[in-house]
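Residue-level structure breakdown
One-letter residues, chain by chain:
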Amino acid sequence: MPNCKITFYEEKNFQGRSYECMSDCSDMSSYLSRCQSCRVESGCFMVYERNNYMGQQFFMRRGEYNDMQRMMSMGMMFDNIRSCRMIPYHRGQFRMKIYERENYGGQSYEMMDDCDNIQDRYRMSDCQSCNVMDGHWLMYEQAHYKGRMMYMRPGEYRSFKDMGMSGMRFMSMRRVTDMC
């Protein structure tokens, strides 16, 4: 399996100081004052608006992102990257149980594949907690994989509100199937 690698640049078009990253980085400010372009040479990464994997998130796969305007036109809703997390490649099945309310309350459904609209498929108007048993997932604020997103790795998530996602409703979910 190839190494995952992303390189961040202080200026547009891959110019200025750079920082090469092959794993998680909770605070890029000691390496770069800002990030205006990046290149994902291999793998998949989640980038974050703030240090310590906080704030808004954006999924990046292999490719060149020559300026923040391009990234924002692709759905990124912030203008500087402060931390990043490598998403490991997952072999095997994907399983996640979603719940309508916090602390695993209300309706629940177990998912094994992508869902572009929980309202249409499950008649759920909201998803406020989940348990990711297998695989890595992206959850989206709007149906059809649009709006703000959140990366979910295996674990229990009792309250999205307590994770700093107050006011967000997740309406679609997608498996991260890209190879790292």
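As recorded in an unreviewed UniProt entry, the protein chain goes by the name Beta/gamma crystallin 'Greek key' domain-containing protein, listed as coming from Muraenolepis orangiensis. In its Sequence similarities (unreviewed entry) section, the UniProt entry covering the protein chain states "Belongs to the beta/gamma-crystallin family." Of the protein chain, the UniProt comment under Function (unreviewed entry) reads exactly: "Crystallins are the dominant structural components of the vertebrate eye lens."

Peptide bonds are mostly trans, and most non-glycine residues show a negative phi. Within the chain, tyrosine 104 stands out as a residue other than glycine whose phi angle is a positive 60 degrees. By relative accessible area, tyrosine 104 is classed as partly exposed at 21%. The phi angle at tyrosine 145 is positive, at roughly 60 degrees, despite the residue not being glycine. Summarising the element assignment, tyrosine 145 is placed in the loop between strand S11 (137-142) and strand S12 (146-152).

A separate point is the nonpolar core. Within the largest apolar cluster, 33 residues are counted, with the highest numbers of intra-cluster contacts made by Phe8, Val47, Met60 and Ile81. Among all residues touching valine 47, those that are not within four sequence positions of it are Phe8, Gln56, Gln57, Phe58, Met60, Met76, Phe78, Ile81, Ser83 and Cys84. Ranked by size, the runner-up nonpolar core spans 22 residues in total, among them Phe94, Ile98, Tyr122 and Phe170.

Evaluated as defined, the whole model comprises 1 cavity of 30 Å³ or more. When its volume is computed, the largest cavity comes out at roughly 40 Å³. Around the largest cavity, the lining residues are Gln56, Gln57, Phe58, Gly75, Met76, Met77, Phe78, Gly147, Arg148 and Met149. Split by residue class, the lining of the largest cavity holds 5 nonpolar, 4 polar and 1 charged.

Empty space within the largest pocket amounts to approximately 370 Å³. Tyr53, Gln57, Met150, Met163 and Met165 are the residues nearest the centre of the largest pocket, which is lined by 19 residues in total. At the level of secondary structure, the elements contributing two or more residues to the lining of the largest pocket comprise strand S4 (44-50), strand S5 (54-60) and S12. For the lining of the largest pocket, the residue count by class is 10 nonpolar, 5 polar and 4 charged. In this structure, the second largest pocket occupies an estimated 280 Å³ of space.

A few words on the UniProt feature "domain: Beta/gamma crystallin 'Greek key'" (unreviewed entry) in the protein chain. If you check UniProt for "domain: Beta/gamma crystallin 'Greek key'" (unreviewed entry), the listed places come out as residues 4-42, 43-88 and 135-177 in our numbering. Each end of residues 4-42 is marked by a C-alpha atom, and these two atoms are 5 Å apart; helix forms 0% of the span and strand 51%. Summarising residues 43-88: 13% helix, 48% strand, and an end-to-end C-alpha distance of 8 Å.

About the cut-offs
- Residues numbered from 1 in each chain as written.
- Predicted model: local features only at pLDDT ≥ 70, side-chain atom pairs only at ≥ 80, totals over all residues.
- Heavy atoms only, no water.
- UniProt positions renumbered as here; feature names shortened; annotations may be inferred.
- Buried < 20%, exposed > 50% of the residue type's maximum accessible area, 1.4 Å probe, protein only.
- Helix = DSSP H or I, 4+ residues; strand = E, 2+ residues; numbered from the N terminus.
- Core = buried A, V, L, I, M, F, W, Y, C linked by side-chain atoms within 4.5 Å.
- Contact = heavy atoms within 4.5 Å.
- 1 Å grid on protein atoms, 1.4 Å probe; cavity = no way out; pocket = protein on both sides within 12 Å on 5 of 7 lines; lining within 4 Å.
- Points joined across faces, edges and corners; volume = space filled by probe spheres on them.
- Nonpolar A, V, L, I, M, F, W, Y, C, P; charged D, E, K, R; others polar.

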